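# Inside the fold
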Amino acid sequence: MSNPSRQVDLVLRGSLEDVAQAEDAVRDLCEDSGYGRHSFGMCLAVSECVINAIRHGNAFDPGKQVRLSMTLAGSRLTVCVADEGKGFSPESLADPLVTGSTFQDAGRGVLLMKTLMDDVAFAFRSGAGFEVQMYKDLAP
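Residues numbered from 1 in each chain as written. Predicted model: local features only at pLDDT ≥ 70, side-chain atom pairs only at ≥ 80, totals over all residues. Heavy atoms only, no water.

### Some remarks on the packing of aromatic side chains
Enumeration according to the criterion identifies 2 aromatic pairs in this entry. Consider the rings of Phe122 and Phe130, whose centres lie 6.3 Å apart with planes at 20 degrees: the pair is stacked. Here Phe130 falls in the buried class, since its relative accessible area comes to 4%. Centroid distance Phe124 to Phe130: 5.1 Å. Interplanar angle 75 degrees. Geometry classified as edge-to-face. Taking relative accessible area as the criterion, Phe124 reaches 56% and is therefore assigned exposed. Each residue in the set Phe122, Phe124 and Phe130 is aromatic and connected to the rest through ring pairs, giving one cluster. (Phe/Tyr/Trp six-rings, centres within 6.5 Å; stacked < 30°, edge-to-face > 60°. Buried < 20%, exposed > 50% of the residue type's maximum accessible area, 1.4 Å probe, protein only.)

### Here we look at helix H2 (residues 39–57)
Helix length check: H2 (19 residues) gives 25 Å between terminal C-alpha atoms against 27 Å at 1.5 Å per residue, within 8%. The positive-phi residue at the C-terminal boundary of H2 is Ala59, with phi of around 50 degrees. (Helix = DSSP H or I, 4+ residues; strand = E, 2+ residues; numbered from the N terminus. Expected span 1.5 Å × (residues − 1).)

### Some remarks on helix H1 (residues 18–32)
Residues that lie three or four places apart on an α-helix share one face, since the helix turns once every 3.6 residues. Between the first and last C-alpha of H1 there are 21 Å, a value that for 15 residues agrees with the 21 Å anticipated at 1.5 Å per step. Within H1 the residues assigned to the buried category are Asp18, Val19, Ala22, Ala25, Val26, Leu29 and Cys30. For H1, the angular spread of buried residues about the axis comes to 125 degrees, placing them on one side. As for H1, its buried residues are in contact with strand S1 (6–12), H2, strand S2 (66–73) and strand S3 (76–83). (Arc of directions from axis to C-beta. Contact = heavy atoms within 4.5 Å.)

### Concerning the state of the cysteines
By the definition in use, this model includes 0 disulfides. In this structure Cys30 is a free cysteine whose sulfur lies 6.7 Å from that of Cys43, the closest cysteine sulfur available. Accessibility expressed as a relative area gives 1% for Cys30, which makes it buried. (Disulfide = S-S within 2.5 Å.)

### A closer look at the pattern of salt bridges
Enumeration over the complete set of coordinates arrives at 3 salt bridges. Residue Arg27 pairs with Asp24 through a salt bridge whose shortest N-O separation is 2.9 Å. Here Arg27 and its partner Asp24 are both found in helix H1, 3 residues apart, which amounts to about one turn of the helix. Look at Asp24 and you get partly exposed, because its relative accessible area is 39%. (Salt bridge = Lys/Arg side-chain N within 4 Å of Asp/Glu carboxyl O.)

### Considering the packing of H1 against H2
Remark: H1 packs on H2, axes separated minimally by 9 Å, with the N-to-C direction vectors making an angle of 150 degrees. Judged by the angle between their axes, H1 and H2 are roughly antiparallel. The interaxial crossing formed by H1 with H2 has right-handed handedness. Mapping the contact onto sequence places Val19, Ala22, Glu23, Val26, Arg27, Cys30 and Glu31 in H1 and Ser39, Met42, Cys43, Val46, Ser47, Val50, Ile51 and Ile54 in H2. Along the lines of polarity and charge, the residues of the contact of H1 with H2 split into 10 nonpolar, 2 polar and 3 charged. (Axes fitted to C-alpha atoms, helices over the stretch in contact; angles between N-to-C directions. Parallel < 35°, antiparallel > 145°, perpendicular 65-115°, else oblique. Left-handed = near helix turned anticlockwise from the far one by under 90°. Nonpolar A, V, L, I, M, F, W, Y, C, P; charged D, E, K, R; others polar.)

Just geometry here; none of it tells us what the structure is for.
Here it is, written out as structure tokens:
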């Protein structure tokens, strides 16, 4: 499927109510580009990432923003979620699949993102904040 490149950029507040806006944007991007069969998984990965940015990154601070950028070039979806928080070390998260870690307060969202996407990368942003980049090839 050959589609022209599409870009969606959103700036979200520090509220979980904004998660629906992010989900709508990724769903629309997938469906409008002919990749609707992927919309559920992509919505789940993006919503988990945005929730983490709002909750853990920005600590629900309404004065801080979460930036969501999605680019669909051909069949490759690139998602970037950036917050203004202090960041974290992904290696420090308990594995939610290990007995005893199942009900930990963190880790399941990152596991979902890594399961649903082809690649997930974490980075501290220059200046301040934390960024998650995720990639998915939506071609069959």
